Amino acid sequence: LRCCEVGFRTIGFDTDSEKIDMLGAGTSFIQHIASDRIAAAQSNFTATTDFAHISECQAVILCVPTPLTKNRDPDISYIIQTMSDVLPHLGKEGVALSLESTTYPGTTEDILGKALDEAGYEIGSDVFLIYSPEREDPGRADFTTQSIPKLVAGHTPSCLKIGMALYGQIVDTPVGTSSLKVAEMAKILENVQRAVNIGLMNEMKLVADAMKIDIFEVIEAAATKPFGFTKYLPGPGLGGHCIPIDPFYLTWKAKEFGVHTQMIDVADQVNRAMPEHVIGKLMHGLNARRKSVAGSKVLVLGLAYKPNVDDSRESPSAEIMDLLIGLDAEVSYSDPHLPSFPVMRNYDIDMESVSITAESLAGFDAVIIATNHDAFDYDLIKQHAELIIDARGVYRTPDDKILRA
């Protein structure tokens, strides 16, 4: 969209024909991106599944997923496959090729650079190889693609010059780095810092809970310090396409150099234990009411990984639901942003979102607040739910039917 807004004729490539059809009709498939922006871009924008149109492009930007394998190793198969799809159609007249996917240091040079070398391209003249990691916080209105400073790195000095020229027309502040590896590691560091600090807050939540102290009040108090403290909030676990995954690209690569990333591993252990902690709180609350999890009707509020978006990738809510199903609970969920449980790699759940009313709430033995969407009526929930497991600190004064998790 930014490329269209600055006047570039832009082609969107995807293997998903359904997305291509929606974009062609001027319809957005991402909730926080309005369809009218897609419609307004139609004069400069086309979408296609035909990679032959790569030959028309002077700049090619790869924005493909970089997930983990089942063994939690980097899965760069999407980069490899996309490069294979692009390469036969890439011109030899000074085309810019930029990777934006988060990945371990060395990927751009080792995978893309090697493929270009083997295909006979002269990097720095035939093609300009660039790495410029995406920075986004879905749903935020105070930062945009245009206003967020963007790291840019090049395989050669001329590649960096072309990268800065390209992105300098799209974003307000392109920031050049000395090498591809610096930019690759800087992106991972951004996400490692967040994962580790959230892990710290989740551990502090456990300590505060044992001491019967409100961790959210503690954090608010600490955040009044104008220096040296950054506010991170605990929750039911980690979610999203970056924070739970990207640190392990660095962990995997560090092993090659004989380095054990202990902080990352410990934070991951804490964060991955949070859904079990939520279930433990639920068991405690139900037990006090002489009920077991098996057979209880449990409503999970929020399937998205963060408030007010429709992104469920790596959501701890899905893990909580899966654990409950394994314990023979009767599970439902409500999320105004996700009317149906989406296709997810690790879960086979076929379910529709339920409406929240006084009557529907009364039919559940417990309600788990896993994602605190603004659309939820928390007064209604408090009034009519029998038991509330609050994993987001929505209710600041817990009582006999509200358990903080």
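Here is a short report on the structure shown in this document. (Residues numbered from 1 in each chain as written. Predicted model: local features only at pLDDT ≥ 70, side-chain atom pairs only at ≥ 80, totals over all residues. Heavy atoms only, no water.)

1. A closer look at the overall build of the protein chain
Right, so step 1: A tally of regular secondary structure across the protein chain gives 14 helices and twelve strands.
Right, so step 2: The C-alpha atoms of the protein chain give 23 Å as radius of gyration, which agrees with the globular expectation for 405 residues (22 Å, within 12%).
Right, so step 3: Seen along its three principal axes, the alpha-carbon backbone of the protein chain occupies a region of about 75 × 50 × 40 Å.
Right, so step 4: Burial analysis of the protein chain (405 residues in total) assigns 48% to the buried set.
Right, so step 5: Contacts in the protein chain between residues at least 24 apart in sequence constitute 68% of all its contacts with a sequence separation of at least 6.
Right, so step 6: Taken as a whole, the protein chain presents about 19800 Å² of accessible surface, with 52% of it coming from carbon and sulfur.
Right, so step 7: For the protein chain, the distance from the average site of its 35 positive side-chain charges to the average site of its 56 negative ones is 6 Å. (Helix = DSSP H or I, 4+ residues; strand = E, 2+ residues; numbered from the N terminus. Rg over C-alpha atoms; globule rule 2.2 N^0.38 Å. Buried < 20%, exposed > 50% of the residue type's maximum accessible area, 1.4 Å probe, protein only. Contact = heavy atoms within 4.5 Å. Areas by Shrake-Rupley, 256 points an atom, 1.4 Å probe, with all protein chains shown as cover. Lys, Arg positive; Asp, Glu negative; His and termini not counted. Charge placed at Lys NZ, Arg CZ, Asp CG, Glu CD.)

2. A closer look at the packing of aromatic side chains
Right, so step 1: Summed over the entire model, instances satisfying the criterion amount to six aromatic pairs.
Right, so step 2: When the centroid spacing of 5.5 Å and the interplanar angle of 35° are considered together, the rings of Phe13 and Phe51 count as tilted. Of this pair, Phe13 sits in strand 1 (residues 10-13) while Phe51 sits in the loop between strand 2 (45-48) and strand 3 (59-62), placing them 38 residues apart in sequence.
Right, so step 3: Connected via pairs of aromatic rings, a cluster forms that spans Tyr104, Tyr249 and Trp252.
Right, so step 4: The ring of Phe248 has Arg72 lying over it, and the distance from NZ or CZ to the ring centre is 4.5 Å. (Phe/Tyr/Trp six-rings, centres within 6.5 Å; stacked < 30°, edge-to-face > 60°. Lys NZ or Arg CZ within 6 Å of the ring centre and 35° of its normal.)

3. So, the sheet that holds strand 11 (residues 388-390)
Right, so step 1: Across the sheet, five strands lie side by side as 9-8-10-11-12; this open sheet has parallel pairing. On the outer flanks of this sheet lie strand 9 (330-334) and strand 12 (402-404), each paired with one strand and no other. Between one strand axis and the next, the sheet turns by 20° as a mean value, whatever way the strands run.
Right, so step 2: Pairing of strand 11 with strand 12 involves three bridges; the strand directions are parallel. Residue pairing for strand 12: Asp390 is matched across the bridge by Arg404. (Pairing = 2+ DSSP bridges. Axes fitted to C-alpha atoms, helices over the stretch in contact; angles between N-to-C directions.)

4. Concerning the layout of surface pockets
Right, so step 1: Within this model, the second largest pocket holds a volume of roughly 260 Å³.
Right, so step 2: As for the second largest pocket, its lining consists of 13 residues, and the residues nearest its centre are Asp209, Lys212, Lys281, Pro398 and Arg404.
Right, so step 3: Of all the secondary structure elements, the ones that give two or more residues to the lining of the second largest pocket are helix 7 (180-210) and strand 12.
Right, so step 4: By residue class, the composition of the lining of the second largest pocket is seven nonpolar, no polar and six charged. (1 Å grid on protein atoms, 1.4 Å probe; cavity = no way out; pocket = protein on both sides within 12 Å on 5 of 7 lines; lining within 4 Å. Points joined across faces, edges and corners; volume = space filled by probe spheres on them. Nonpolar A, V, L, I, M, F, W, Y, C, P; charged D, E, K, R; others polar.)

5. Brief notes about the pairing of strand 8 (residues 297-301)
Right, so step 1: Counting buried positions along strand 8 yields four of five residues, so the element is predominantly enclosed.
Right, so step 2: Two elements, strand 8 and strand 9, share five bridges in a ladder whose sense is parallel. Its bridge partner lying in strand 9, Val300 is registered against Tyr333.
Right, so step 3: Assessed by its sense of winding, the connection that carries the chain from strand 8 through helix 12 (residues 316-326) to strand 9 is right-handed.
Right, so step 4: By the bridge criterion, four bridges tie strand 8 to strand 10 (residues 366-369) in an arrangement that is parallel. Note that in strand 10 the partner of Leu301 across the bridge is Ile369. (Right-handed = clockwise from strand over helix to strand, strands pointing away.)

6. Concerning the nonpolar core
Right, so step 1: Formed by 40 residues in total, the largest nonpolar core has its most connected members in Val60, Leu90, Leu97, Leu112, Leu116 and Val127.
Right, so step 2: Only strand 3, helix 4 (77-86), strand 4 (95-99), helix 5 (107-118), strand 5 (127-131), helix 7, helix 9 (247-255) and helix 10 (262-272) provide two or more residues apiece to this core.
Right, so step 3: With five residues, the top contributor of residues to this core is helix 7.
Right, so step 4: Sequence-distant contacts of Leu90, that is, excluding residues within four places in its chain, are made with Ile54, Val60, Val95, Leu97, Leu116, Tyr121 and Val127.
Right, so step 5: Of all hydrophobic cores here, the second largest spans 32 residues; its members include Val278, Ile279, Ala370 and Ala391. (Core = buried A, V, L, I, M, F, W, Y, C linked by side-chain atoms within 4.5 Å.)

7. Section: the sheet that holds strand 5
Right, so step 1: The five strands lie next to each other as 3-4-5-6-7, forming an open sheet whose pairing is mixed. Each end of this open sheet is capped by a strand with a single partner; those strands are strand 3 and strand 7 (174-176). Each adjacent strand pair in this sheet contributes to an overall mean axis angle of 30°, direction not counted.
Right, so step 2: Inspection of the sheet shows strand 3 paired to strand 4 by four bridges, in the parallel sense. Directly across from Leu62, in strand 4, lies its bridge partner Leu99.

8. Topic: empty space enclosed by the protein
Right, so step 1: In total, this model carries one cavity of 30 Å³ or more according to the counting rule given.
Right, so step 2: Lining the largest cavity are Val192, Ala195, Val196, Leu238, Ile243, Pro244, Pro247, Phe248, Ile264, Ala267, Asp268 and Asn271.
Right, so step 3: When contributions to the lining of the largest cavity are tallied by element, the ones reaching two or more residues are helix 7, helix 9 and helix 10.
Right, so step 4: Taken together, the residues that form the lining of the largest cavity break down as ten nonpolar, one polar and one charged.

9. Regarding the pairing of strand 10
Right, so step 1: Across the two faces of strand 10 the burial is the same, with Ala366 and Ile368 and Val367 and Ile369 all buried.
Right, so step 2: Sheet topology note: the strand 10/strand 11 ladder contains three bridges and is parallel. Among the inter-strand pairings, Val367 is bridged to a residue of strand 11, identified as Ile388.

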